[in-house]
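# Overview (structure and organization)
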Amino acid sequence: MALDKQTTAKREFKVVGTRPLRPDGVDKVTGKALYGADLTAPGMLVGKILRSPHPHARIRSIDTSAAEAAPGVKAVITHADFTLPDDEDMRDILVNCMAFNKALYDGHAVAAVAAISEAAAKAALKLIKVDYEVLPHVTDVDEAMKPDAPVIERGRQAETVGEGFSENVTSYCEFGHGDIEAGFTRADHVIERSFKTEATHQGYIEPHACLATFTTDGKADLWCCTQGQYMVRRVCSAIMDMEASQLRVTPSEIGGGFGGKTTVFIEPVALMLAKKSGRPVKIVMSRSDVLRASGPTCSSSMDVRIGMTKDGRITAGHAKLRYQGGAFPCGTVEMGAMAAFAAYDLEAVRTQGWNAMTNRPKQAAYRAPGAPMAIYAVESVVDELCQHLGLDPLDVRLKNAAKAGTKASYGVTFTDIGLSACLAAAKAHPHYAAPLGPGQGRGVSCGFWFNFGGDTCVTLNVNMDGTVSVTEGNPDIGGSRASIGMMAAEELGVPFDKVRTQVVDTASLGYNEVTDGSRVTFAVGLATIKAAQAAKAEMCRRAAMIWGIDAEAVTWEDGCAKPSGPNAGDFPPMTLAEIAAVSSQTGGPIAGHHEVNADGAGVSFGVHLVDVEVDPETGATKVLRYTVFQDAGKAVHPDYVEGQMQGGAVQGIGWALNEEYIYGEDGRLQNAGFLDYRVPVASDLPMIDTVILEIPNPGHPYGVRGVGETSIVPPLAAIANAVSRAAGVRLTELPMSPPRILAALDAARPKAAAE
Amino acid sequence: MRFEVAASVAEAVRMLAAEPGTTRVLAGGTDVLVQLRSGLVEPDLVVDIKRIDGMREIRAEDGGFRIGAAVSGAELGEDAGVRALWPGVVEGMELIGSTQVQGRATLAGNLCNASPAADSVPAMVAADAVARVAGPAGERDVPVAQIPAGPGKTTLAKGEFIVSIFLPARPAGSADAYLRFIPRTEMDIAVCSAGVSLTIGGDGTCTAARVALGAVAPTVLLVPDAAAALIGSKLDDAALDALAAACSAAAKPIDDKRGTVAFRKKVAGVLARRAAVIAAERARG
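Residues numbered from 1 in each chain as written. Chains lettered and ligands numbered in written order. Predicted model: local features only at pLDDT ≥ 70, side-chain atom pairs only at ≥ 80, totals over all residues. Heavy atoms only, no water.

Labelled according to an unreviewed UniProt entry, chain B appears under the name Xanthine dehydrogenase family protein subunit M, originating from Thermohalobaculum xanthum.

Per an unreviewed UniProt entry, chain A carries the name Xanthine dehydrogenase family protein molybdopterin-binding subunit and comes from Thermohalobaculum xanthum.

### Details of the overall build of chain B
Helix and strand content of chain B: 11 helices and 14 strands. On the principal axes, the C-alpha backbone points of chain B span a range of 55 × 45 × 35 Å. Residue burial in chain B is summarised as follows: out of 285 residues, 53% are buried. For chain B, contacts bridging at least 24 residues in sequence account for 59% of all contacts bridging at least 6. In the structure as shown, chain B presents an accessible area of about 11600 Å², 54% of it carried by carbon and sulfur atoms. (Helix = DSSP H or I, 4+ residues; strand = E, 2+ residues; numbered from the N terminus. Buried < 20%, exposed > 50% of the residue type's maximum accessible area, 1.4 Å probe, protein only. Contact = heavy atoms within 4.5 Å. Areas by Shrake-Rupley, 256 points an atom, 1.4 Å probe, with all protein chains shown as cover.)

### Points about the pairing of strand E4 (residues 58-61) of chain B
All names here are of chain B. As paired strands, E4 and strand E5 (residues 64-68) are joined by 4 bridges and run antiparallel to one another. Within E5, the residue paired with Arg59 across the bridge is Arg66. Hairpin remark: E4 followed by E5, antiparallel, with 2 residues in the connecting loop; positive phi at Asp62, about 50 degrees. (Pairing = 2+ DSSP bridges.)

### What to know about the UniProt feature "domain: Aldehyde oxidase/xanthine dehydrogenase a/b hammerhead" (unreviewed entry) in chain A
According to UniProt, the "domain: Aldehyde oxidase/xanthine dehydrogenase a/b hammerhead" (unreviewed entry) feature falls on residues 30-136 of chain A. With 22% helix and 32% strand, residues 30-136 of chain A has its two end C-alpha atoms placed 50 Å apart. (UniProt positions renumbered as here; feature names shortened; annotations may be inferred.)

### Topic: the packing of aromatic side chains
Residues and elements named next belong to chain A. A full pass over the atoms with the stated rule returns 19 aromatic pairs over all chains. Considering the side-chain rings of Phe13 and Tyr702, the 5.1 Å spacing of their centres and the 70 degrees angle between planes classify their relative orientation as edge-to-face. A residue pair is termed long-range when its members are at least 10 positions apart, and Phe13 in the segment before helix H1 (25-29) and Tyr702 in the loop between strand E26 (688-693) and helix H19 (715-727) qualify at 689 residues. The pair formed by Phe13 and Tyr702 is uniform in burial state, with each residue classed as buried. (Phe/Tyr/Trp six-rings, centres within 6.5 Å; stacked < 30°, edge-to-face > 60°.)

### Observations concerning unusual backbone geometry
If a residue is not glycine, its phi is most likely negative; likewise, a peptide bond is most likely trans. All names here are of chain A. In this structure, the amide linkage connecting Leu734 to the following residue, Pro735, adopts the cis form with an omega of -5 degrees. Phi is positive for Asp241, which is not a glycine, with a value near 55 degrees. Within the secondary structure, Asp241 sits in the loop between helix H7 (229-239) and strand E11 (247-251). One non-glycine residue, Phe258, lies in the positive phi region at around 55 degrees. By the secondary structure assignment, Phe258 is in the loop between E11 and helix H8 (267-277).

### Regarding the sheet that holds strand E19 (residues 499-503) of chain A
Residues and elements named next belong to chain A. Strands sit in the order E19-E18-E17-E23 across an open sheet of 4 strands; the sheet is mixed. Where the open sheet ends on each side, the last strands, each with one partner, are E19 and strand E23 (590-598). On average, adjacent strands in this sheet sit at an angle of 15 degrees to one another, irrespective of strand direction. Looking at chain direction, strand E17 (residues 454-462) and strand E18 (residues 468-472) are connected through 4 bridges and run antiparallel. Looking across to E18, one finds that Leu460 is bridged to Val470. Helix-sheet contacts for helix H16 (residues 520-547) involve E17, E18 and E23, and the interaxial angle to E23 is about 145 degrees. (Axes fitted to C-alpha atoms, helices over the stretch in contact; angles between N-to-C directions.)

### Things to note about the UniProt feature "domain: FAD-binding PCMH-type" (unreviewed entry) in chain B
The feature "domain: FAD-binding PCMH-type" (unreviewed entry), as given by UniProt, occupies residues 1-172 of chain B in the numbering adopted here. Between the end C-alpha atoms of residues 1-172 of chain B there is a gap of 50 Å, over a span that is 30% helix and 26% strand.

### Overview of the nonpolar core
All names here are of chain A. Tyr410, Phe448 and Met736 are the most contacted members of the largest nonpolar core, which has 100 residues in total. If you tally residues by element for this core, the top one is helix H11 (residues 371-389), at 11 residues. Core analysis: the next-biggest nonpolar cluster, separate from the first, contains 62 residues, Phe100, Val235, Met242 and Ile283 among them. (Core = buried A, V, L, I, M, F, W, Y, C linked by side-chain atoms within 4.5 Å.)

### Considerations on H8 of chain A
All names here are of chain A. Here H8 lies mainly inside the structure; 9 of its 11 residues are buried. Buried within H8 we find Glu267, Pro268, Val269, Ala270, Leu271, Met272, Leu273, Ala274 and Ser277. Residue Gly278 follows H8 closely and has a positive phi angle near 75 degrees.

### Comments concerning the interface of chain A and chain B
Listed as interface residues are 24 residues of chain A and, on the opposing side, 19 residues of chain B. Buried surface at the junction of chain A and chain B, summed over both partners, amounts to about 1800 Å²; 51% is from carbon and sulfur atoms. The largest contributions to the chain A side of the interface with chain B come from Glu617, Arg678 and Pro739 of chain A, which together make up 27% of the buried area. On inspection of chain A and its partner chain B, the count reaches 7 salt bridges. A salt bridge links Asp676 of chain A to Lys257 of chain B; the nearest nitrogen and oxygen atoms lie 3.5 Å apart. Between chain A and chain B we count 13 residue pairs in polar contact (both at pLDDT 80 or more) in total. Those elements that place two or more of their residues in the side of chain A that touches chain B are helix H4 (118-126) and helix H20 (738-748) of chain A. In terms of residue count, H20 of chain A provides more of the side of chain A that touches chain B than any other element does, 4 residues in total. Residue composition of the side of chain A that touches chain B, grouped by class: 10 nonpolar, 5 polar and 9 charged. (Buried area = accessible area lost by both parts, 1.4 Å probe. Salt bridge = Lys/Arg side-chain N within 4 Å of Asp/Glu carboxyl O. Polar contact = N/O pair within 3.5 Å; in protein donor to acceptor, adjacent residues only side chain to side chain. Nonpolar A, V, L, I, M, F, W, Y, C, P; charged D, E, K, R; others polar.)

### Notes on the sheet that holds strand E3 (residues 73-77) of chain A
Residues and elements named next belong to chain A. An order of E3-E5-E1-E12-E9-E10-E11 is seen for the 7 strands of this open sheet, with the pairing classed as mixed. The open sheet has two edge strands, E3 and E11, and neither has a second partner. For this sheet, the mean angle separating the axes of adjacent strands, direction not counted, is 20 degrees. For strand E10 (residues 220-224) and E11, the ladder comprises 5 bridges, and the chain directions are parallel. Bridge pairing links Leu222 to Val249 in E11. Lying on the sheet, H7 is in contact with E10 and E11; it crosses E11 at an angle near 145 degrees.

Structure below.
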């Protein structure tokens, strides 16, 4: 794609870069905002889902007769009510929403009821008789890859996988360039370590919820909390075998997504119950259902080998990544393999990735999916090399940092990137020079994310009272209504409070890719700027008509149409409001729109700096100080950008220290609740300090880069490096929970442990 | 499910005794409501006792305090007398839940929920607190340590419930402390815990001590060997080491999602030692 001419360095912004009050704030803090579970409809039924207690079981039969006869029950459904779509991805999504021949994990849906009340629906679930033949199960990625492991589903293995693995291994990928063995020979020191990370959940506060209605002539309406109403329409219309235009999906306010709401879990079930019962049906997942049956991230097992010269030059890097993403094939390991060494300018690098199926819930995207674990492993080995060679970890990273012109390990050649700027800012920051006390350690890590653009469609209407309505199709999970409205205001030259941005249903705009890949501020922002430019051109044309001059002789400046020079004529400027007020007399309403498959998202780098203290008697870790450095390209609304940087750091702290999926010997999830699935609480955390760097993205008119994901990538290694330095022993498994740290400490001091 | 509000102890006993099915007593409800909502129990009868006279009162009695069964953690924490005499019991109670939960949760409820990890119980056992139990046969006094029978089970008979907890008088130079280990800083459940109550004589010698551990056995564990390590000592390092070793040796924990046997045994000793130091500092004033 041709890139816009860069004017960002000189551009003076009026609205972009300021911090107006968030437009959704008052509704949210006063409880007025409508979330997924907040809509009701006349005659509405309560939908409830029966879930498998077994991690792996053949479903011999399901007897629903008693449930159907129970008082208040209006519909009972099982897989028999659905037809498997031809498309493999759609089939996997449906089978994840409703088990067909086998239950594939603890919590897998096997049947559902719709009844007149919660109590009636609950009672009916108990009357459904499922005859299970319990099968051997596997939940660990390394176990699942062994040739004799219980196989989740046959026939899913790609030919590239090769010999020696069980059929659970579905895909293999590799990336890199150069001769790594020659590179390792050139090194003064080589370290190879193995790492494991547990699955973590996105931990959004709002559980999945939806309300479905079906008309007798086959049209349907679905209200749900999602990161992408168009995705929901595409998936659900395929599963329900209906035309996309017949299903309207309206997104609610969303109480967190982090990638976990980029697919569906309950929507097809609600639609089928609504179709069968002829009544509106609402389903709200419990927290336990969310943890057992919506998608966590992958767990991983990794080997990383890196060679370094005495002066800190990396001579070669090799990573082998094994991810499991639940009971279905999953491509997340590919992104890990691409991202692992992205921060480094290397002559010789190789990354290999394998995906394995296990008896766990189908993984869903979670902020920079696949990257945090791979980069954790690489950045841990880099840190250990720095320790071994007595080198400063930031100097070593600066020495090897990827920059414009670097050929990345995954094949692309970078344009302008902000990694060195982030590293230099970290090096110069007072945090890096602050003294550490006994038992304390400081950790550093780089982070990277690709960022995406994708299909985007925006309409901008200039209202007759001089206000502006922007219509966009991406649920606002990180402040996009503010940033998009700000970009519209900037481009039109009107105050931000004259612009209102609304997220609309699938009938109101063309297709929009889901809110993922940190794409919205970049891609929807880009489309909004283009739509505003179209509206400006139209307003210039209207002014020209009023003045009786050529449209080409009118320019737009400071929110007004003006004659482009003395030769064009002598007319006072017309404001947007003045032009809008008379639009009916000049040809009708004024609008701009833009449709694009946006390219040029611009990769994003960040660097995290953290100090921790480890209690040597209990293995407890306290995070003392934390600073995030990240390249935002251009921060449209700095509050939100800082919020993204802080939020990613906090979720990463949880991942590093306490969050994990714990499966028992019986294959059941043991901690399906927020008591024992430990996200950090406020008192666990210091203020997360932020430093925004702005290295403009050449692919965006204002230089914007996505900022939503990079921030969860560095914390895992930054904290692991800090803990390892504080404890004096290298930790190679996440989470670094107190029992794990204490065991590592005791192993490192055998005498003390024996006492 | 029936819900009844009892106006008197006798009425509550009558209701609980007459119900042939499952019953639950509601004071603060911070455990009962969670269990109801999660489907863990489906009681046939819930009896609300918190409107019975005296249930929300703290009364001075024989140099100690009698704490009504419906006194909340927040109310207990505001009572300067209890705080001064039994600071460890108060700090154990105040660790339970959030600020909102503190407005409801009770000592008696925490005890009757019979979790081995209950935060108020190790300190109450160390304090040798006594529960007053009302039932069809009248009232009886039972040491707190004898109320829990195992996870989720109590020794209370049909129709019985706790009406108050008595924290006894103690000599000058006495204090207590409670510490728990949690992976977070609040809103969590003890992986293991320790309550220590002790008395220090005029010459700095420990003259009396009780040490109790939580979450390392099916019920809260009183550890006489740990107390013996302190009594007669000046709470020097050797005595504290012996205390920690006795606690680690006495702990009989399990491996579960919250911690390992090795972790709990070791940290039980660490916490007891730290709690003893805090209690001693308090006792010395």
